[in-house]
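# Geometric and topological summary
Take a look at the letters that make up each chain.
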Amino acid sequence: MSTNSKKSVYNIFIGVGSQLLIVMVGVLLPRLFITSFGSEVNGFLSSINQIFAYIVLLEAGVGTASLQALYRPVAEEDHDRINGVLAATARFYRKTGYCYLACVVGLAVIYPLVVESSIPVWQQVLVILIVGGSASIGYFAHAKYRILLRADGRQYVYTNVYTLVQLGTSLTKVVMILLGLNIVFIQLGHMVLTLGLAAYITWYAKHRYPWLDLKVKPDMEAISQKKSVLVHEIAQMIFTHTDVIILTLLADLKVVSVYVVYNMVVETVETLISNIHNGFSFRLGQIYNTDLKRYVRVYDLYETAYMAGSCALYCITYLLLLPFMKLYTAGVTDINYLDKWLPVLFVAIKLFVSGRKMASCTITYAGHFKKTQWRAVLEAAINLTVSIAGVCLFGIYGVLFGTLAALLYRANDVIIYTNARILGRDPWQTYSRWLVNICIFVLVCWLESYIPIQADHYFSLILQAVLYTISVCLAFFLGNLLVFPKQFKKIFAYLGRMIKSKRHSGQKV
C-alpha cells in the first residue's frame, strides 16, 4: 500500500472513530445542560459559540489560501517553498490573534447589554472570556502547523489529540455538572485541555519536520488570495452560523436551544461524513495540482461514492431524528422540542450540501477564489434576506427557509461553474448522481411510512436503527450500482488493491 493510501486510511478510520467516541460522550451534554440549567443556558452557550465563529473571520481566509498554496510543494517535497508559505501564514496568524483577543473583550462587555437574559452578568462575562481565550490559543501556537499536517495528509495526528481533548472536556463537564458547579468552572476545564493540545501539535510538527524554518522570508504572494477566500468564508459562515444569531436577536434563547438540539444531530452526521472526506481531501488536492487529467477520472469515481454514502446517512438521520428527539427531550417542559417539519428542513439542507461538495472542493483545489467571490456574496445576501424576513413570519422555520433559498441558488451555481469552467464538460454527470440518490431517498422514506419507528427507550431505538441502517445502505448501494455500474466496478477495483496491499505507489486510478 502506498504512503498516500496509508495516510488516507489512517485519516478515515481515526477520524470516524474519534467522531463516534466524541458523540457517545458529547451527546449527554446538551441534555444535561438543559435539565440542569434550563434551555436558556443551553441557548446562551450556543449563541456565544456562534458569535465566536464569526469572529474567526479575522483569519481573513489565510488558512484555506495557505492550504491551497501548500498542495504542490508538499507533493513535490519542496521544503523552501513550504517554509516560505508557513512563514507568511505564521506572521498573519500572530496579528490575527491580537485582534481576536480584543474582540473577545469587546464581546464580553457588549453581549450582556444587548441580549436579555436571567443569567447573572458576571457569569456571562467570564464564560465569554474563557471560551474566547481558548479559541485564541490556536492563532498563536499551532494553527500554522495544523495546515501543514492537512496538506501532508497527516490530519489524523491532530484528530487523535483533538479527540482526547474533546473526550476529556466532555467528561470534565459531566462531572462538574453532577457536582453542581456553575457554567464558569465548566468552561474553564476546556481551556486547560486546549493548552495541552496546542503544546503537543507544536512539538509534533517540529519533530516530524526538522527542516521547518519560520524565520525565512515570508512568501506573501502564496497567500495573496486570502482576501478573496475571506469572501467565501463569510458566505460559508453566514450559511453555517447565521441562523442561531438571528434567532438569538429576533426570537429568544429557548428557541435557539430547540434549533441547536436538532442541529447537533445533523451536524454530527455531517462531521462523520467530513472526516471520511478529509481522509482523501489532501490527496485530491495534490492530484489536481499535479495531474489534471487523472483528477477528472478520480473526481467521477469519488463523487459517485460520496453522494451515495452521504445521502444514505442523511436518509437514516431523517428516519431516526424525531424518534430520537422524543427520548432525548423527555421531561423537558419549558419549550416543545418535537416538530415533524424540522427534520425535513434540516436534512434537506444537508442533502443540498452533499450534492455540491465535490464541486466546491474543486474550486478550492483550483484556487478560483477571486473568480467566484461575487457568487458567494450573492449566496450570503439571499441567506440573510430570506432568513431575517422569514423568522419574523415563520419563526424557527424562517431561518431554515433562508438557508435553503441560498443553497438552491449556490449549489446549482457551484456545480455548473466547476464542470463548465474548471473541468470543461457538461454538469449533467453530477446532476444525474444527485437525481438518482434523491429518488432513492424519497422511495425509502415512503416505504418507511408504512412501518414507522416506535421506541419507548434507547435500547429499542438502537436495535431499530441498526436494522434501518442496513436496509437503507443496501437500498442506496443497489440503486447506485444499477445505474452507475462502470463507476462502481472501478471503485471496487481500487478498494481491492488497497485491501490486498498490492497497490504500487506509482499506479494510477
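The shown structure was predicted, so the numbers you read here are calculated from the model rather than taken from an experiment.

### A few points about the overall build of the chain
Secondary structure assignment for the chain yields 18 helices and zero strands. Burial status across the chain gives 56% buried among its 509 residues. Pairs at least 24 apart in sequence give 84% of the contacts found in the chain among residues at least 6 apart. Summed over all atoms, the accessible surface of the chain reaches about 22,800 Å², with 66% contributed by carbon and sulfur.

### Some remarks on the pattern of salt bridges
Evaluated as defined, the whole model comprises 11 salt bridges. Residues Glu 270 and Lys 350 are paired through a salt bridge, measuring 2.7 Å at the closest nitrogen-oxygen approach. Of this pair, Glu 270 sits in helix α11 (residues 253–290) while Lys 350 is found in helix α13 (residues 341–366), placing the two residues 80 residues apart along the sequence. Note on Glu 270: relative accessible area 17%, which makes it buried. Exposure remark for Lys 350: the relative accessible area of 4% places this residue in the buried category. Across the salt bridge formed by Arg 433 and Asp 300, the nearest N and O atoms sit 3.1 Å from each other. You can see Arg 433 sitting in helix α16 (residues 428–448) and its partner Asp 300 sitting in helix α12 (residues 292–328), a full 133 residues away along the chain. Each member of the pair Arg 433 and Asp 300 is classed as buried. If you follow the salt bridges from partner to partner, you end up with Arg 356, Arg 375, Glu 379, Arg 410 and Asp 413 in one network.

### Looking at helix α4 (residues 62–75)
With 14 residues, α4 should reach 20 Å at 1.5 Å per residue; the first-to-last C-alpha distance of 20 Å fits that figure. Along its length, α4 reaches its greatest deviation from straightness, about 30°, at Ala 69, and the proline Pro 73 lies no more than four positions downstream. The buried fraction of α4 is high, at 11 of 14 residues. Buried within α4 are the following residues: Val 62, Gly 63, Ala 65, Ser 66, Leu 67, Gln 68, Ala 69, Leu 70, Tyr 71, Pro 73 and Val 74.

### Quick look at the nonpolar core
If you look at the biggest cluster of nonpolar residues, it comprises 143 residues, and the most contacted ones within it are Phe 44, Tyr 111 and Tyr 295. Those residues in contact with Tyr 111, other than ones at most four positions away along the chain, are Phe 44, Ser 47, Ile 48, Ile 51, Gln 124, Ile 128, Thr 248 and Leu 253.

### Observations regarding the side chain of Ser 66
Position of Ser 66 among the secondary structure elements: in helix α4. Classification of Ser 66 by relative accessible area gives buried; the value is 0%. One polar contact links Ser 66 to Thr 89, side chain to side chain, over a distance of 2.7 Å. Excluding anything up to four places from it in sequence, Ser 66 contacts Val 85, Thr 89, Ile 147 and Ile 223.

### Topic: the packing of aromatic side chains
Overall, the coordinates contain 21 aromatic pairs when judged by the stated rule. Considering the side-chain rings of Tyr 431 and Trp 434, the 6.5 Å spacing of their centres and the 10° angle between planes classify their relative orientation as stacked. You can see Tyr 431 and its partner Trp 434 sitting in helix α16, three residues apart, about one turn around the helix. We classify Trp 434 as buried; its relative accessible area is 10%.

### Section: the packing of α11 against helix α15 (residues 396–422)
Following both chains from N to C, one finds α11 and α15 inclined at 15°, their axes separated by 14 Å at the closest point. Relative to α15, the element α11 lies roughly parallel. In terms of crossing hand, the pair formed by α11 and α15 is left-handed. Contacts from Val 255, Val 258, Tyr 259 and Tyr 288 in α11 reach Ile 396, Val 399, Leu 400 and Ile 422 in α15. Tallied by class, the residues present in the contact of α11 with α15 amount to eight nonpolar, no polar and no charged.

### Notes on the confidence of the model for the chain
The predicted model of the chain has a mean per-residue pLDDT of 82, with 89% of residues at 70 or higher. When mean pLDDT is taken per element in the chain, α15 scores highest with 94 and helix α1 (residues 3–26) scores lowest with 61. pLDDT under 50 marks residues 502–509. Its contacts with residues more than four places away, or in other chains, come to 22 contacts.

### Quick word on a nonpolar patch on the surface
Residues Val 105, Val 109, Ile 110, Leu 113, Val 114, Trp 122, Leu 126, Leu 129, Leu 249, Leu 250, Leu 384 and Ile 388 make up a contiguous nonpolar surface patch of roughly 1,100 Å² in combined accessible area. Elements supplying a minimum of two residues to the nonpolar patch: α5 (79–114), α6 (121–140), α10 (226–250) and α14 (373–394). Element by element, the count of residues in the nonpolar patch is highest for α5, at five residues. Its location among the elements puts Leu 126 in helix α6.

### Brief notes about the packing of α5 against helix α7 (residues 143–151)
Taken N-terminus to C-terminus, the directions of α5 and α7 make an angle of 145°; their axes are 9 Å apart at the nearest point. Note that α5 runs across α7; the crossing there is right-handed. Of α7, the residues touching α5 (which contributes Ile 82, Leu 86, Thr 89, Ala 90 and Tyr 93) are Ala 143, Lys 144, Ile 147 and Leu 148.

### Examining the side chain of Glu 379
Mapped onto the fold, Glu 379 is located in helix α14. Residue Glu 379 is classed as buried on the basis of its relative accessible area of 5%. Within the structure, the side chain of Glu 379 is placed 3.3 Å from the side chain of Arg 356, a separation counted as a polar contact. Among all residues touching Glu 379, those that are not within four sequence positions of it are Ala 235, Arg 356, Ala 406, Tyr 409 and Arg 410.

### Some remarks on unusual backbone geometry
Here the phi dihedral of Glu 77 falls at roughly 55°; this positive angle occurs in a residue that is not glycine. Structurally, Glu 77 can be placed in the loop between α4 and α5.

### Section: the state of the cysteines
Under the criterion given, the structure shown has zero disulfides. Left without a disulfide partner, Cys 103 is nearest to the cysteine sulfur of Cys 99, which lies 7.0 Å away.

The rules behind the values
Residues numbered from 1 in each chain as written. Predicted model: local features only at pLDDT ≥ 70, side-chain atom pairs only at ≥ 80, totals over all residues. Heavy atoms only, no water. Helix = DSSP H or I, 4+ residues; strand = E, 2+ residues; numbered from the N terminus. Buried < 20%, exposed > 50% of the residue type's maximum accessible area, 1.4 Å probe, protein only. Contact = heavy atoms within 4.5 Å. Areas by Shrake-Rupley, 256 points an atom, 1.4 Å probe, with all protein chains shown as cover. Salt bridge = Lys/Arg side-chain N within 4 Å of Asp/Glu carboxyl O. Expected span 1.5 Å × (residues − 1). Bend = angle between axes of the 7 residues up to and from the residue. Core = buried A, V, L, I, M, F, W, Y, C linked by side-chain atoms within 4.5 Å. Polar contact = N/O pair within 3.5 Å; in protein donor to acceptor, adjacent residues only side chain to side chain. Phe/Tyr/Trp six-rings, centres within 6.5 Å; stacked < 30°, edge-to-face > 60°. Axes fitted to C-alpha atoms, helices over the stretch in contact; angles between N-to-C directions. Parallel < 35°, antiparallel > 145°, perpendicular 65-115°, else oblique. Left-handed = near helix turned anticlockwise from the far one by under 90°. Nonpolar A, V, L, I, M, F, W, Y, C, P; charged D, E, K, R; others polar. pLDDT = per-residue confidence, 0-100. Patch = residues over 30% accessible without salt bridge, like charges linked within 9 Å, V, L, I, M, F, W, Y side chains within 5 Å. Disulfide = S-S within 2.5 Å.

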